[in-house]
Structures are given as structure tokens and as C-alpha cells.
Amino acid sequence: YSSKDLHGIELIDSYVFNQVENIRFNSTVGKYVGYTELGLKNAEAWNKGSELARELGELERYCKRNADIHYSAVLDKTGEQG
């Protein structure tokens, strides 16, 4: 997210193996997207199962809940001389 307003907050969860991204969840898209043969199969299954609901819940449970803490920590550090 790029402002104190949490409306634009976005969760991206990527699954990478051997430097190849197989599958990604993007909260803006609202589903898993596969990029390899295995990733396409997993994305199809995960979008139908409980994994999708769990991932959507993470945006509310973790990201939005902790965004204020991380946001203020970054702002408190800007301008400091190290």
C-alpha cells in the first residue's frame, strides 16, 4: 500500500521453486494464478478449496491489522541519520 489509507492494501503470496514462480495469490485479483503446468493445476484446485478463503482472510487478519504498526515504524525511521 502506498498511503495511510488501507483501502489500497494488497496481499501477494508467491510460491517459487528453483527461481521459477509456480503460483501466486494476489488479493486484488482475488484468486490464485498458475504460471507453470503444476501451478495451473494447483491454482485450479486451490481456488475451489478452503485455501482461497484462508488467503483472503490473511489480508484482514494480518495485513490490515499490522499495517499501522509497520507504517509508523517506517515513517519514524525516515530522516534519521545512521
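As the structure is a computational prediction, the values presented were derived from the model and not from experiment.

Cut-offs and rules
Residues numbered from 1 in each chain as written. Predicted model: local features only at pLDDT ≥ 70, side-chain atom pairs only at ≥ 80, totals over all residues. Heavy atoms only, no water. Helix = DSSP H or I, 4+ residues; strand = E, 2+ residues; numbered from the N terminus. Buried < 20%, exposed > 50% of the residue type's maximum accessible area, 1.4 Å probe, protein only. Contact = heavy atoms within 4.5 Å. Pairing = 2+ DSSP bridges. Axes fitted to C-alpha atoms, helices over the stretch in contact; angles between N-to-C directions.

## Comments concerning the overall build of the chain
Part 1 of the reasoning: Secondary structure summary: the chain contains two helices and three strands in total.
Part 2 of the reasoning: For the chain, the N- to C-terminal ordering of α and β elements is β-β-β-α-α.
Part 3 of the reasoning: Of all 82 residues assigned to the chain, the portion counted as buried reaches 22%.
Part 4 of the reasoning: Residue pairs at least 24 apart in sequence account for 28% of intrachain contacts in the chain once pairs closer than 6 positions are excluded.

## Quick notes on the sheet that holds strand β2 (residues 20–26)
Backbone-to-backbone hydrogen bonds join strands into a sheet, with any given pair of strands oriented parallel or antiparallel.
Part 1 of the reasoning: On the basis of which strands lie adjacent, the open sheet formed by three strands has the order β1-β2-β3 and antiparallel pairing. Only two strands of the sheet have a single partner each, and these edge strands are β1 (12–17) and β3 (31–34). With strand direction ignored, the average angle separating the axes of adjacent strands in the sheet is 15°.
Part 2 of the reasoning: Summarising the sheet, β2 and β3 pair through four bridges and their orientation is antiparallel. Following the sheet pairing, R24 is matched in β3 by V33.

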